[in-house]
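Working through the structure, step by step
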Amino acid sequence: MSRSVLVTGGNRGIGLAIARSFADAGDKVAITYRSGEPPSGFLAVRCDITDPEQVEQAYKEIEEKQGAVEVLVANAGVTRDQLLLRMSEEDFTSVLETNLTGTFRVVKRATRGMLRARRGRVVLISSVVGLLGSAGQANYAASKAGLVGFARSIARELGSRNITCNVVAPGFVDTDMTKALTEEQREGIVGQVPLGRYAQPEEIASSVRFLASEEAAYITGAVIPVDGGLGMGH
Ligand code: NDP
């Protein structure tokens, strides 16, 4: 059965791999993008998740063109790394505004249709860093840890309506986000990963698609690490 899927930040990186994976399986897939030319093959809606009005407009367009969202993957996220003493209010709040409050916005709007349909799947993209912590990423780690409490609360609130909410916590993935690291930083990270390499975006996508599948109907409030063993025990 072809479902109506929305992947925020589905125009590149992990989000694009997730969007492709659902489209390849026959689902109708909408992606958000903020600027430039979005990739083809999807319903691309322009939307900055920090703007409530743009989120509302995006949902209206998706509902009109491919139906109410049945599977939401809240993937859009940013980093703004800085050591705590040098981290400005703006560094902190802007990352929280996108990664946590932006996710709240898109999830809240999606559940409207899911409640009506009495079914739905929500998958949030957190990070191993949310559980392990990371020097220079207090803002990012706080936002990603926040997603876990957020997801588990929703899992409790909406479980009786057949809506699941789960978290995927990737380790280091080869995308623009990690290309910003120096070669030395990359080598240092790989040295700590039991599998000894970065993940490919498609390796995150497969777990997301599983959580959205019928086979995962009894999984909710879970945090699935896809991190090559980096976060073991956390
Ligand atoms: P990229 O930097 O490659 O892509 C980020 C995506 O988020 C882009 O599509 C971007 O859109 C979108 N985005 C950012 N801010 C907003 C906003 N305000 N409104 C709408 N869209 C926005 O990152 P990745 O693909 O690497 O990361 C995807 C997710 O996975 C993020 O949540 C990230 O934190 C998480 N993650 C990544 C890891 C990694 O190693 N790469 C590890 C663990 C988690 P635009 O093109 O318009 O900028």
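Reading the values: the criteria
Within any chain, residue numbers begin from 1 and follow the written order of that chain's sequence. Confidence filtering applies because this is a predicted model: local features only for residues at pLDDT of at least 70, side-chain atom pairs given and counted only at 80 or more, and all residues used for totals across whole chains, interfaces and linings. UniProt positions are given in the numbering used here, feature names are shortened, and annotations may be inferred rather than shown by experiment. Comment: elements are numbered from the N terminus, with helices defined as DSSP H or I runs of at least four residues and strands as E runs of at least two. Atoms counted for the radius of gyration: C-alpha only. Globule rule: 2.2 Å times the number of residues to the power 0.38. Once C-beta atoms are placed from the backbone, each residue is buried if 20 or more other C-beta atoms lie within 10 Å of its own, exposed if 12 or fewer, and partly exposed for counts between those two. Two residues form a contact once the distance between their C-beta atoms, set from the backbone, is within 7 Å. Under the definition applied here, buried Ala, Val, Leu, Ile, Met, Phe, Trp, Tyr and Cys residues are grouped into a nonpolar core through C-beta atoms within 7 Å. Residues are classed as near a molecule or strand if the C-beta position derived from their backbone is within 6 Å of it. Side-chain classes follow a simple rule in which Ala, Val, Leu, Ile, Met, Phe, Trp, Tyr, Cys and Pro form the nonpolar group, Asp, Glu, Lys and Arg form the charged group, and the remainder, Gly included, forms the polar group.

- Where an unreviewed UniProt entry is consulted, the chain appears under the name 3-oxoacyl-[acyl-carrier-protein] reductase, with the organism given as Streptomyces hazeniae.
- Per UniProt, the chain carries the Pathway (unreviewed entry) text "Lipid metabolism; fatty acid biosynthesis."

Examining the overall build of the chain
- From N to C terminus, the chain includes eight helices and seven strands.
- For 234 residues, the compact-globule formula gives about 17 Å, and the C-alpha radius of gyration of the chain, at 17 Å, lands near that figure.
- Along the longest, intermediate and shortest principal axes, the C-alpha atoms of the chain span 45 × 35 × 35 Å.
- Within the chain, the proportion of its 234 residues that are buried is 44%.
- When contacts within the chain are restricted to residue pairs at least 6 apart in sequence, long-range pairs at least 24 apart make up 68% of them.

A look at the nonpolar core
- If you look at the biggest cluster of nonpolar residues, it comprises 59 residues, and the most contacted ones within it are Ile18, Leu72, Val122, Val168, Ile204 and Val208.
- If we skip the residues at most four places from it in the chain, Leu72 touches Leu6, Val106, Val107, Ala110 and Val122.

Let's talk about the UniProt feature "domain: Ketoreductase" (unreviewed entry) in the chain
- In the numbering adopted here, UniProt assigns the feature "domain: Ketoreductase" (unreviewed entry) to residues 3-176.
- Helix and strand shares over residues 3-176 are 48% and 18% respectively, and the end C-alpha atoms of the span are 29 Å apart.

Thoughts on the environment of Ala135
- Here Ala135 lies in the loop between helix 4 (128-132) and helix 5 (138-158).
- Put simply, Ala135 and Asp81 are 54 residues apart on the chain and 8.9 Å apart in space, counted from C-alpha to C-alpha.

Thoughts on the site of the ligand
- Gly9, Gly13, Arg34, Gly77 and Thr175 are the nearest of the 30 residues found near the ligand.
- Those elements that provide at least two residues to the shell around the ligand are helix 1 (13-24), strand 2 (28-33), helix 3 (89-117) and helix 6 (176-179).
- Residues belonging to the shell around the ligand are distributed by class as follows: 11 nonpolar, 15 polar and four charged.

Some details on unusual backbone geometry
- For Arg118, which is not a glycine, the phi torsion comes out positive at approximately 60°.
- Position of Arg118 among the secondary structure elements: in the loop between helix 3 and strand 5 (120-125).
- A positive phi is found at Asn162, a non-glycine position, where the angle reads about 65°.
- Structurally, the position occupied by Asn162 is in the loop between helix 5 and strand 6 (163-170).

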